[in-house]
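Letter by letter, the chains look like this.
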Amino acid sequence: MENVLNVAAYIANRYFSEYGQHIDEMKLHKLMYFAQRESFIQTDAPLFQAIFYGWKYGPVLKEIRSAYKDGSFSSISPCALDETALLIINKIFSNYAGKDSWSLSRLTHGELSWKSSRIGVLEQTNSDNPMDLEDIKKDAERIKSRRKMLTGLGLA
């Protein structure tokens with residue numbers, strides 16, 4: 001299992017390398033969520049051990065939020081990731097990094113895991129409700145089934 005900040009630093013460094021600018025925090029959180037979900041699709045296990053919280057604009061990892069807030073995130077140098085982790089992260093990066101943060105936020109708002117964490121929370125309020133790992137697995141299964149169906153139809 002990978003270190004959450006190491007995965008985030010890898011994504012941020014790749015983003016800077018490809019787009020010539022620093023990744024915004026909101027986009028990073030969403031890419032991390034999609035990487036975690038993709039890990040369940042590919043390996044049936046989490047990519048990293050960290051809890052997402054259902055904030056108003058989508059999933060948030062407090063480890064990343066804290067590192068951005070105190071300014072320490074920019075000084076994190078990523079260590080080597082294992083081959084499976086790189087395949088997962090690079091797939092997510094290719095599929096989602098070019099999208100704007102608000103589009104990614106809207107995508108995460110369609111996820112069961114985020115919706116479940118928002119039960120009883122006012123729309124414009126952040127929440128300390130964790131997103132259940134079992135719900136993220138259900139989101140992964142939904143995507144896996146959709147991909148299988150599209151492949152069967154010759155559309156994937």
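Refer to the preceding data block for the structure.
Reading the values: rules and limits
- Residues numbered from 1 in each chain as written.
- Predicted model: local features only at pLDDT ≥ 70, side-chain atom pairs only at ≥ 80, totals over all residues.
- Heavy atoms only, no water.
- Helix = DSSP H or I, 4+ residues; strand = E, 2+ residues; numbered from the N terminus.
- Rg over C-alpha atoms; globule rule 2.2 N^0.38 Å.
- Buried < 20%, exposed > 50% of the residue type's maximum accessible area, 1.4 Å probe, protein only.
- Contact = heavy atoms within 4.5 Å.
- Areas by Shrake-Rupley, 256 points an atom, 1.4 Å probe, with all protein chains shown as cover.
- Patch = residues over 30% accessible without salt bridge, like charges linked within 9 Å, V, L, I, M, F, W, Y side chains within 5 Å.
- Salt bridge = Lys/Arg side-chain N within 4 Å of Asp/Glu carboxyl O.
- Phe/Tyr/Trp six-rings, centres within 6.5 Å; stacked < 30°, edge-to-face > 60°.
- Lys NZ or Arg CZ within 6 Å of the ring centre and 35° of its normal.
- Lys, Arg positive; Asp, Glu negative; His and termini not counted.

The subject of this paragraph is the overall build of the protein. In terms of regular secondary structure, the protein is built from 7 helices and 2 strands. Helices and strands appear in the protein in the N-to-C order α-α-β-β-α-α-α-α-α. Rg of the C-alpha trace for the protein: 15 Å, near the compact-globule value of 15 Å for 156 residues, within the 12% margin. Projected onto its principal axes, the C-alpha positions of the protein cover 45 × 40 × 30 Å. Taken across its 156 residues, the protein has 42% of its residues classed as buried. For the protein, the share of sequence-separated contacts (at least 6 apart) that also reach a separation of at least 24 residues comes to 73%. When the accessible surface of the protein is summed, it comes to about 8300 Å², and 53% of that surface belongs to carbon and sulfur atoms.

Another aspect to go through is a nonpolar patch on the surface. Residues Met149, Leu153 and Leu155 make up a contiguous nonpolar surface patch of about 340 Å² in total accessible area. On the secondary structure map, Met149 appears in helix H7 (residues 133-152). For Met149, a relative accessible area of 47% corresponds to the partly exposed category.

This part covers the packing of aromatic side chains. The relative placement of two aromatic rings is captured by the distance of their centres and the angle of their planes. Tallied over the full model, the rule gives 9 aromatic pairs. Relative to Phe34, the ring of Tyr33 has its centre 5.6 Å away and its plane inclined at 65°; by these criteria the two rings are edge-to-face. Among the residues examined, Phe34 registers a relative accessible area of 1% and is labelled buried. The cationic tip of Lys62 hangs over the ring face of Tyr53; the distance from NZ or CZ to the ring centre is 4.2 Å.

Bringing the side chain of Arg118 into the picture now. With respect to the secondary-structure elements, Arg118 resides in the loop between helix H6 (112-117) and H7. For the buried Arg118, no salt bridge is present, and the opposite-charge side chain at shortest range is Glu123, 7.9 Å distant. Sequence-distant contacts of Arg118, defined by excluding residues within four places in its chain, comprise Gly54, Trp55, Lys56, Glu123, Thr125, Asn126 and Ser127.

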